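Chain and residue survey
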Amino acid sequence: NQFHIKGTPHQRKSARKYIEFVIAQRSGPVKIANPSEHDDLTLLTVPADTVSFITGSKGYFLRLVEEEWSALLFFLLVDPKRPPAHVDPGNTNTLAIFGTERSRRGAELKVMAAIEMKQPGHFTRTMAATESADEGFSTDTVHIMEDDYSYALGRGGTTRKKLARASNCIVEYVGRIAFFCGCKRERSNAKEYMKWLLMQRVGETVRVDHKGRDDVTMVMVPGHCIGYVAGHRGCNLRAIEEETSTFCFIEGFAEDYEDHKPLLIFGRKEDRSFAETLVWERISHKFDEAPDYGHGGKGKRSHKGKGKGKDRGKDGYGKDYGGKGWDNNWHRDQDDGKEIREKPKDALSASIEISEDDAAFLMGPGGRVKRKIAGVSGAFLELKANRMEIYGTADQIARASKYVGLVMAQRVGPVTIEDAAAHDDLSIIEVPAEAVSFVTGKQGCFLRLVEEEFSTLLFFLDFNKSSKRDQLERLAIFGALRDRRGVELKVMAAIEMKQPFFFTRRDSALPMQDPQEGFSTDRLVIEEDDYSYALGKGGATRKKIARASGCVIEYIGRYAYLSGVKKERIRAREYLIWLFRQRVGPVEVDYANREDVTVLAVPKDCVGFVTGHKGTSLRLVEDSTGTFCFIEGGRDDPHRDPKPLLIFGTAEARREAEEQLKQRIDLKLVEGCVHEEGGGGGGHGHYGGYGGWNEGKGQKGGG
């Protein structure tokens, strides 16, 4: 029948005091002789006729407040077993609140809010808005307009709690007064968040000067992904906020549909990183979620109805496949359909006469067709009256003129190319007539998407709608060699999905590896058990390997097609093999003398924090830097400390990834969760002694 109390002298003294108060409650009213002697006590005066209301049935409400704020609450001189039968409304009782300063203030405001609900105006009738000048813990108050109250509160108080979590400030509404309790910075952040929240309610454009702020992460969301990221009435964004304890909103109007709009994420650094990961997952999923392109196979249906190609394939058609990426093409950067690139000075020029119908066709919706021709040819195009002015080098003008002619030919009938061999910017792929509508997609949507992804021009040559099912149609692809090969592989993957083994059976006699140093294609068998793992959600893993290796990678059937120069193909093959091995166990890599790796030594106690839950933090670094990262030997090897984290990719991408990972290690060490005792390699240098790294040659660091 004994309590054993362990802790510091102050902790033991406090615990003994609280135990005595709880025992005293059992036998009668609790008395505190000299409240001023207790530095962990707050006393709140409560109207006598509200005591039973805020106590709740069997003390339920007070116990709830205690649980929420880690505080101890009880009334002084009130016998909980024998409450008075008749209460004088003019009388008051005293509620004692024990705990830390922040916990006591949170519990006090919660009780004040309940009293204000029972007796409106009790605390707020004469209260004015206040702002404390104290840098330390204090309280600010702000009036909430009646029209704003429900919006600021949210269903079940979710909006208020969201603001409190993101700002790390106590936020409580007592009547129509918002109380903000915390240090000055926390109070300032919470008030700003509420201000922005209420501006959104009335449709005001919210603009945030986020430069220099350390409480915000900005994600640039492509215009066509905004609705998908936010969800119906913001439900997806609210779910992310709820899961990550952050406050998020899209700066400006979500309906503007600009090329990109900033999504601002406010909160603690770890919470923002988690939220950013979830946002990028949705963006990636949207890029991989093509509309009704006629993709067959298993997957989510994008449209209702019957007919061919109503299901999406497992692998979406996203934006990153190595080589020339979507974000690197100047003609993708646009605002209201206007090209950013200026007309080159001292360039050659040419002019093509066009009709009004041709002009409309060449411009396309929002000028997209003209921008596409400009991007593929490298020339600058300008429409003037009934002529197209073309500026650039002689080669650029020749290509642009050719593409303009081909596009105009499309408008009136089938496109014909007399001598395909004479065009060094042309690839032709044969498509089974049965699969033409499948790879074209609804209103040419799939081909247009592929054109955008790889900066190419695509159209069928001499297309005949009456072709028999066993006949072949020819798809012309204009653009740079790497871009054309990316399109070929993308179309081949779609056809293989529609007609299994169409290409893989044809290519079965070819060698798996091409010995030539220049641009070519290798293949790698993907075992059935490895396929889903190698593909990743929405093709994310395949794209990651493509970005890190610089190689165009596409899965056609159960083969990985790897297109690039020999060095890129070798790297892509190695990365995929290591990936397959990771699925079943640890991977050891001989990284000495490699030029594509940075080795970062991570203290064993920091590994979980660096990689994140199920690797989410490491995946975020990979996504944002275009690298391929993993812990060599597995994170659970107890005998290696520090553990080598291998970062593969270009030198610039590796530097960026390394910096992000070092910041996470620093954060873990600075917070005091890890205590390095001179070990971990390399001594105590700038990065706290968790090991060195040698970029380029892959020498094991650590000193």
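Refer to the structure printed above.
Residues numbered from 1 in each chain as written. Predicted model: local features only at pLDDT ≥ 70, side-chain atom pairs only at ≥ 80, totals over all residues. Heavy atoms only, no water.

**Examining the nonpolar core**
Counted only if it meets this: Here, the term nonpolar core denotes a set of buried Ala, Val, Leu, Ile, Met, Phe, Trp, Tyr and Cys residues that are joined through side-chain atoms within 4.5 Å. The rule is simple: take the accessible area with a 1.4 Å probe, protein chains only, and divide by the maximum for that residue type; under 20% is buried, over 50% is exposed, in between is partly exposed. The secondary structure listing takes helices from DSSP runs of H or I that are at least 4 residues long and strands from runs of E that are at least 2 residues long, numbered from the N terminus. Contacts were defined at the residue level, with two residues in contact if any of their heavy atoms lie within 4.5 Å.
Core analysis: the biggest nonpolar cluster contains 28 residues, and Y555, L576, F628 and F648 have the highest contact counts within it. Every element with two or more residues in this core is listed here: helix 17 (528–535), helix 18 (540–549), strand 19 (552–556), strand 20 (559–564), helix 19 (566–584), strand 21 (597–602), strand 22 (628–631) and strand 23 (643–648). Among the elements that take part in this core, helix 19 stands out by supplying 6 residues, more than any other. Look past the residues within four positions of F648 in its chain and what remains in contact with it is A548, Y575, W578, V589, R594, D596, V597, T627, F628, F630 and R654. Of all hydrophobic cores here, the second largest spans 27 residues; its members include L362, V404, V415 and F478.

**What about the environment of Y575?**
Keep this limit in mind: Between N or O atoms, a polar contact is any pair within 3.5 Å; within protein, one atom must be a potential hydrogen donor and the other a potential acceptor, and residues adjacent in sequence are included only when both atoms are from side chains.
One can find Y575 in helix 19. Taking the relative accessible area as the measure of exposure, Y575 reaches 0% and is therefore buried. For the pair formed by Y575 and A548, sequence separation is 27 residues and the distance between their alpha carbons is 8.9 Å. Sequence-distant contacts of Y575, defined by excluding residues within four places in its chain, comprise I545, A548, S549, R594, D596, F628, F648 and G649. A distance of 2.5 Å separates a polar atom in the side chain of Y575 from a polar atom in the side chain of D596.

**A closer look at the sheet that holds strand 9 (residues 260–266)**
Note the following rule: Paired strands, as defined in this entry, are two strands with at least two bridges between them according to DSSP. Under this scheme, a helix contributes an axis fitted over its contacting stretch, all axes are lines through C-alpha atoms, and angles between N-to-C directions fall in the 0 to 180 degree range.
Pairing is antiparallel across the open sheet formed by 3 strands, whose spatial order is 7-9-8. Every other strand in the sheet has two partners, leaving strand 7 (216–222) and strand 8 (247–250) as the edge strands with one partner each. Taking each pair of neighbouring strands and ignoring which way they run, the sheet shows an average axis angle of 20°. Helix 9 (residues 235–244) contacts strand 8 and strand 9 of the sheet and is inclined by roughly 155° relative to strand 8.

**As for helix 18**
By the criterion of burial, helix 18 is predominantly enclosed, with 8 of the 10 residues buried. Just past helix 18, the residue G550 takes up positive phi, approximately 75°.

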